[in-house]
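Below are the chains, spelled out letter by letter.
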Amino acid sequence: MKELLSGNQAVAEAARLARVQFVAAYPITPQTPIYEKLSEMESQGKLPGIMMRAESEHSAMAACIAASLTGVRTFTATASQGLALMHEMLHFASGNRVPVVMCNVNRVLALPWGFGSDQSDSLSQRDTGWIQLYCEDAQEALDTVIQAYRIAEQLLFPVMVVMDGFYTSHFIEPVDIPEQEVVDAFLPPFSVPTRFDVENPAYIGNVVNPEQYMFYRHRSFQDMEAAREVILEVARQWADLLGRNYEMVEKDGTEDAEIVLVTSGAMTSTARVAVGSLRNKGYRVGLMKMKLLRPFPAQEVREALRNVPRVVVLDRDVSQGLGGIWCQEIRSALYGLDPPPILSNFIAGICGADVSPETIEQMLLDALGLEEPQGLPRWVGKEIS
Amino acid sequence: MSFRRVTLQDIQAVAPFSKTSTECFATGLWSQRKPSFLEKGSPCREACPVGNDMARAFHLASVGDYNGALSLILQENPFPGVCGRVCYHPCERACNRSGWDQPINIRGLERFLSDHGELQPPGNPRLRKKHLKVAVIGAGPCGLSAAYHLARLGYGVTVLETMPQPGGMLRYGIPGYRLPKTVLDREIEFIRETGVEILCATQAGRDISLEDLKKDFQALFLAVGAHRAVGLGMEGEGMAGVLKGIDFLRDLNMGREVQLGNRVVVVGGGNTALDCARSARRLGAPEVIVLYRKDREHMRALPEEVESAEREGVRILPLASPVRILADGKRISALECIRFEPGPLEHKGSPLPVPVPDSRFSLPLDTLILAVGQLPQSSFAGELGLEVDHLGVIQTSPLSTATNLTGVFAGGDGAGAKAFVAHAIAEGKKGALAIHCFLQGKEPELELETLRIGTGNAFSLQPLLEPDGPASDLKKVVGIKQINTLCFPKAPRQENPLAPNGGFQESTAGLAPAQIEAEAGRCFKCGTCTGCDLCYLLCPDISIVKSEAGYRIRAEHCKGCGQCEATCPRHVLEMGGGD
Amino acid sequence: MRQDDRELMRPGHMACPGCGEASTIRLVLKALGEKTIVVIVPSCVGVISGAFPYSTFGVPCFHSAFEVAAPTAAGIASALQLQGRQDITVLALAGDGGTYDIGLQSLSGACDRNENFIYVCLDNEAYMNTGIQSSSSTPQGAWTMTTPRGRQGRKKRLMEIISAHFIPYAATVSLGHPQDLMAKLEKAKGMRGTRFIHALTPCPTGWRMPEEMTAKAAMLAVETRVFPLYEVLEGKRYRITHQPQGRPVREYLEIQGRYRHLGEEEVASIQREVDAQWEELIQKSAGCPSCARDFS
């Protein structure tokens, strides 16, 4: 059944369909409608369980971790500053191997204050040990949240589902809301055992020595490496049930492309228009959409871009002193390819600044003219009018 | 790819789970200092002439074990009912609580226990019955105490008493309002039950020959008392209207008719004087005056006796002394007195009374009672060939009560003991120990030293008679500095209620159970483990183990912090070892 | 099993000799029993509780982040409620740093929501685990490594802050009065909602006093009225649970090296402050002081 939903509403519906038992949240623009929608559902009896109106995102995450350790399915959502405040607890979640699922709605980090999208908030959490899944639209956000529970609970990793503030979170689109029975068939009830058995008590999270620390970190690393297979399988099963397939790396016309545009999140939709337009003009343009940040699908990226002469990475984010974050990831995945593609990086749309299909077209055309890689990223739309 | 349920084993493989007990860490190695439980003496016990373990008695009373508490006292003293009423309670002066708020009413507990507990011979004497026999001459507190303890030590004991009934001064010297005869009878009966034979109206040397005594008994203990009243040596002390205090009280106690005038003057500052004065009031004398040479605070009578006397209308006239009896014909009519003032301090600390020049005054009266002292009366000592001094006091070794004759021991007032009942009982006990040592070929001085409580005069027979009983280090006496007063709120002392009746019924009542509870709560119970759990609960290293048998130190984990010693309310725990 | 006898803390832990926190936790666990889940946060308890693979506690325990003792406990309690396991008590243990300072916000949030757990603040009046740095619980005048000339600020009145949340139960406890402590924990256990226990846990190391003085210092704090024992029901009804002897504050200060530098006037000033706060407590408790004698 399709309904007109914003990305935020779609995420709330997904949490409901996943039968989350414990929600802890704190309001922050542009995540607030998720929190409000869940509250509304709760008040209508559609969301049985407990909703904690936390006094901070940090506490919300702490409570989710604790509840998850105790054996219930948990959910929270945040954005920007809230995610930054949670940072410490993100490590706790992954270090504890709890299957917490969180939606992060991208927003710039202060200062200066702003409200529009910027993936830097979630990208800068890439080393916290979470699985991160980026979504292009409301439908993908809904589908991904449900999938995230399967992934998290199978792998014992927390999963962050990411969508762009306003573009995805607030735009109303037709969204297919799966039937509860379909979701139930896909996602069994939470069955990860509690860590707190009073009959068989154990101490969780105490101090370890350096060797033990290394052991558990390495164990997590191995498990994260093995996660790609699970993520893939979950997506496949979802596709079997609902016909919507999301790949870790979505490739459109990359095989014989003279240039491939790499995007993630909401800008992908704009890019699709630009790519279509250029193809109509005769260019062999491919599009590669990055869904998975961690574990990074390096092998898929490498395979997709082997033999592609030019690659453009479009980042709605920046790592100061280096460049776009996605670009860095792509670049390191391509290390050792011979010949290496001519890689260029565009930083655009930060704080929700408008990036039109024409802008993207121009970027690609500019890149096609390049004969060697550029050292610095090119910033688009930076002028103050 | 199939998905499977995550198990606890899966989780444990990826995140640290800690389940092993820390008990394997021998933190006890951090320090050589370890605590030990050692019960100790209390200052009240050290000060008690008979060595009553009142701290422990209070503990037992606090848990409602009145019989147990009474049995504990009976280890040392067969007269809890007597001492609980008339003892001069030096224990209370020594009480650690007096340095905190007010001393505990220790005597009140002793009386309470005698009233509410059952007199059962304390434990089974461990020492086997011996075929040796001891004769005790005199059934006063000293003689009966000696007999009681000798019987408990396994000897056959026969007490010979001249008077028709046993008890000595307890019966014939103390008025019934202070010590009811029923209480005395009960405790003498108890002494009999312990195995003591008491033959009354039997005078040694007259009714039983010395030869027979020497033949039948392997040792002799003389506790003949001091029943001969002394006077002041004034002319006319023999005339009508002049009585001797001890004679007056004896007549009263034997139910004889005593004639008193309207104005009675008692001379003396001891308990006998006060007994005479208060008895005189009870007999109907409208005006009774007690004349005492020194000032009030230095009267030897107990302060509460003086207060009671005044409350009953007795007038105390301190710093005055008679010098001459004035007569109206053959009967006394007045007493010429002289006033004194406190002079320089004597060696005991009380000021020597100095006559005030030209201070003579005349005190008109009908009856004069002289209560200025008593001396031994017995001629038996002389007949035996005992060494006596010019006053007739038998000379003994202060440590062993031995006289100059082998096998003959003596104690009590007749041997110059202090005149308090408790001292008489203590002397008897000491005599029993000395005779035991004599008969067993032991050194009484050594034995006494072993059994001595702290550095006082008292000793305990408990280690000898009941070696499995509560073991405490008799030599260590807990002082106020070792008491953790933080555990004790200040609270008013519970006094025995007055029971004024105008006659010879007991004039004070016993403490009520609620009062005992209050006093038991106040009592520090110095040196006695009450099982309060403080050490057990406070130990940060869970190194004090609690069981039915009490507490135990688990040295393998004890880090030797010493909190248990520092916080023990009553200094039972002590750190040892290490530096 | 009687609460006195059961033992849910194991010996062999790594607390300093004479540790007040160790004693307090032990008593708390005794009172709460086997069906307890403990949340701890960085503090000396992180050391006392044992390093992997050892556990000092005989109950489940989770070492959470510094500032989130309360929401962590709340999360566990919520999950237990969802699972119908309300027979299990959730206990949060945090130090004064984790409570007065870094964890105050999250504690306030949990109190406000009346989350269902017992929170015990183990107050040793400074950051002891990191080596004696001052917290907002450090009393005025007290020496720490970061207040070498004595702290200027005054000790925050935590119980007032907590009471202002109208939680069902708040109480002060002292390890020097273990029966009172256990009775309060047992009382708290029988209630639902946020129950807050403020425990003064003297630290011989940080207070610069001999290690045998811990419990005595705790007792002195109570008897000098520096740390009175009372409880607050619903944020309104105050009840004094132990009538203090009212000893001079000097007796408490002089056993601690951290106050050694104080002069006469400073001691007198502390005394005035203690007197005033005691008077205020008397007013609030409106004539229902009751005192129990623990160790007669």
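Residues numbered from 1 in each chain as written. Chains lettered and ligands numbered in written order. Predicted model: local features only at pLDDT ≥ 70, side-chain atom pairs only at ≥ 80, totals over all residues.

**Comments concerning the overall build of chain B**
- Summing up its helical and strand segments, chain B has 21 helices and 24 strands in all.
- Reported as C-alpha extents along the three principal axes, the dimensions of chain B are approximately 135 × 55 × 40 Å.
- Residue burial in chain B is summarised as follows: out of 579 residues, 52% are buried.
- Of the contacts formed within chain B by residues at least 6 apart in sequence, a portion of 70% connects residues at least 24 apart. (Helix = DSSP H or I, 4+ residues; strand = E, 2+ residues; numbered from the N terminus. Buried ≥ 20, exposed ≤ 12 C-beta atoms within 10 Å, placed from the backbone. Contact = placed C-beta atoms within 7 Å.)

**What about the interface of chain A and chain C?**
- The partner chain C presents 37 residues to the 36 residues of chain A that form the contact.
- Taken together, the elements giving at least two residues each to the side of chain A that touches chain C come down to strand S3 (50-53), helix H3 (57-69), helix H4 (80-95) and strand S9 (203-204) of chain A.
- The greatest single-element share of the side of chain A that touches chain C, amounting to 9 residues, is contributed by H3 of chain A.
- Of the residues contributing to the side of chain A that touches chain C, the split by class is 22 nonpolar, 10 polar and 4 charged. (Nonpolar A, V, L, I, M, F, W, Y, C, P; charged D, E, K, R; others polar.)

**Thoughts on the nonpolar core**
- Counting residues in hydrophobic clusters, the biggest one holds 393 residues, and the most contacted among them are Val145 of chain A, Val266 of chain B together with Leu91 and Tyr119 of chain C.
- If near-sequence neighbours (up to four positions away) are discounted, Leu91 of chain C is found in contact with Val28, Leu32, Thr36, Ile37, Val38, Val39, Phe117, Ile118 and Val120 of chain C. (Core = buried A, V, L, I, M, F, W, Y, C linked by C-beta atoms within 7 Å.)

**Let's talk about unusual backbone geometry**
- Residues Ala110 of chain A and Leu111 of chain A are joined by a peptide bond in cis, for which omega reads -10°.
- If you trace the backbone, Leu111 of chain A turns up in the loop between strand S5 (101-106) and helix H5 (120-123).
- In the segment running from Asp338 of chain A into Pro339 of chain A, the intervening peptide bond is cis, with an omega of 0°.
- Tracing the backbone shows Pro339 of chain A in the loop between helix H12 (325-333) and strand S15 (342-348).
- For His89 of chain B, which is not glycine, the phi torsion reads 40° and is therefore positive.
- Summarising the element assignment, His89 of chain B is placed in the loop between helix H5 (80-86) and helix H6 (90-94).

**Considering helix H11 (residues 298-305) of chain A**
Residue and element names in this part refer to chain A.
- Among all positions of H11, only Glu300, Val301, Ala304 and Leu305 are buried. With its buried residues spanning 115° around the axis, H11 presents them on a single face.
- Taken from the residues just after H11, Asn307 is the one with a positive phi, measuring 75°. (Arc of directions from axis to C-beta.)

**Digging into the packing of helix H3 (residues 69-82) of chain C against helix H5 (residues 104-112) of chain C**
Residues and elements named next belong to chain C.
- The N-to-C vectors of H3 and H5 enclose an angle of 40°; their axes lie 7 Å apart at closest approach. Our classification of the angle between H3 and H5 gives oblique. Contact residues: Ala70, Pro71 and Ala74 in H3; Ser106, Leu107, Gly109 and Ala110 in H5.
- When the residues that make up the contact of H3 with H5 are grouped by side-chain class, the tally is 5 nonpolar, 2 polar and no charged. (Axes fitted to C-alpha atoms, helices over the stretch in contact; angles between N-to-C directions. Parallel < 35°, antiparallel > 145°, perpendicular 65-115°, else oblique.)

**Describing the sheet that holds strand S5 (residues 133-137) of chain B**
Residue and element names in this part refer to chain B.
- In space, the 5 strands of this open sheet follow the order S7-S6-S5-S8-S20, with parallel pairing throughout. Every interior strand has two partners, whereas the edge strands, strand S7 (196-199) and strand S20 (408-410), have only one. When strand polarity is set aside, the average angle formed by the axes of neighbouring strands in this sheet is 20°.
- Here strand S8 (residues 219-222) pairs with S20 via 3 bridges, running parallel. Directly across from Leu222, in S20, lies its bridge partner Ala410.
- The sheet contacts of helix H8 (residues 141-152) involve S5, strand S6 (156-160), S7 and S8, and relative to S6 the element is tilted by about 165°. (Pairing = 2+ DSSP bridges.)

**As for the interface of chain C and chain B**
- Between chain C and chain B, the residue contacts involve 40 residues of the former and 40 residues of the latter.
- At the level of elements, helix H1 (20-32), strand S2 (54-55) and helix H9 (214-223) of chain C are the ones that each hand at least two residues to the side of chain C that touches chain B.
- Per-class residue counts for the side of chain C that touches chain B are 18 nonpolar, 11 polar and 11 charged.
- As paired strands, strand S2 (residues 20-21) of chain B and S2 of chain C are joined by 2 bridges and run parallel to one another. Pairing of Ser21 of chain B across the sheet is with Ser55 of chain C, part of S2 of chain C.

**Focus: the sheet that holds strand S3 (residues 61-63) of chain C**
- Spatial ordering of the open sheet is given by S1(B)-S9(A)-S3(C)-S1(C)-S4(C)-S5(C)-S7(C)-S6(C)-S8(C)-S9(C), a layout of 10 strands whose pairing is mixed. Of all strands in the sheet, those with a lone pairing partner are strand S1 (17-18) of chain B together with strand S9 (237-240) of chain C, marking the two edges.
- Where strand S1 (residues 36-40) of chain C meets S3 of chain C, 3 bridges bridge the pair, whose relative direction is parallel. By the bridge assignment for S3 of chain C, Val39 of chain C is matched with Phe62 of chain C.
- Along the sheet face, H3 of chain C touches S1, S3, strand S4 (89-95) and strand S5 (117-123) of chain C and points at about 175° away from the line of S4 of chain C.
- Helix-sheet contacts for helix H7 (residues 178-189) of chain C involve S4, S5, strand S6 (169-174), strand S7 (194-200) and strand S8 (230-233) of chain C, and the interaxial angle to S6 of chain C is about 160°.

**A word on the confidence of the model for chain C**
Residues and elements named next belong to chain C.
- Counting all residues, the mean pLDDT for chain C is 95, and 95% of those residues have values of 70 or more.
- Segment residues 291-296 is flagged for pLDDT under 50; beyond a separation of four residues in sequence, or across chains, it makes 18 contacts in the model.
- The ipTM for the predicted assembly is 0.96, set against a pTM of 0.92. (pLDDT = per-residue confidence, 0-100.)

**Remarks on the environment of Gln212 of chain A**
- With respect to the helices and strands, the residue Gln212 of chain A is situated in helix H8 (residues 210-225).
- Overall, the presence of 14 C-beta atoms within 10 Å leaves Gln212 of chain A in the partly exposed class.

**Some thoughts on the packing of helix H10 (residues 267-280) of chain A against helix H13 (residues 357-368) of chain A**
All names here are of chain A.
- Between H10 and H13, the least distance of the axes is 8 Å, while the angle of their chain directions is 60°. Here H13 runs oblique to H10, going by the angle between their axes. Seen from above, H10 lies across H13 with right-handed handedness. Facing Thr270, Ala271, Val273, Ala274, Ser277 and Leu278 of H10, the residues of H13 in contact are Pro357, Ile360, Glu361 and Leu364.
- Classifying every residue of the contact of H10 with H13 gives 7 nonpolar, 2 polar and 1 charged. (Left-handed = near helix turned anticlockwise from the far one by under 90°.)

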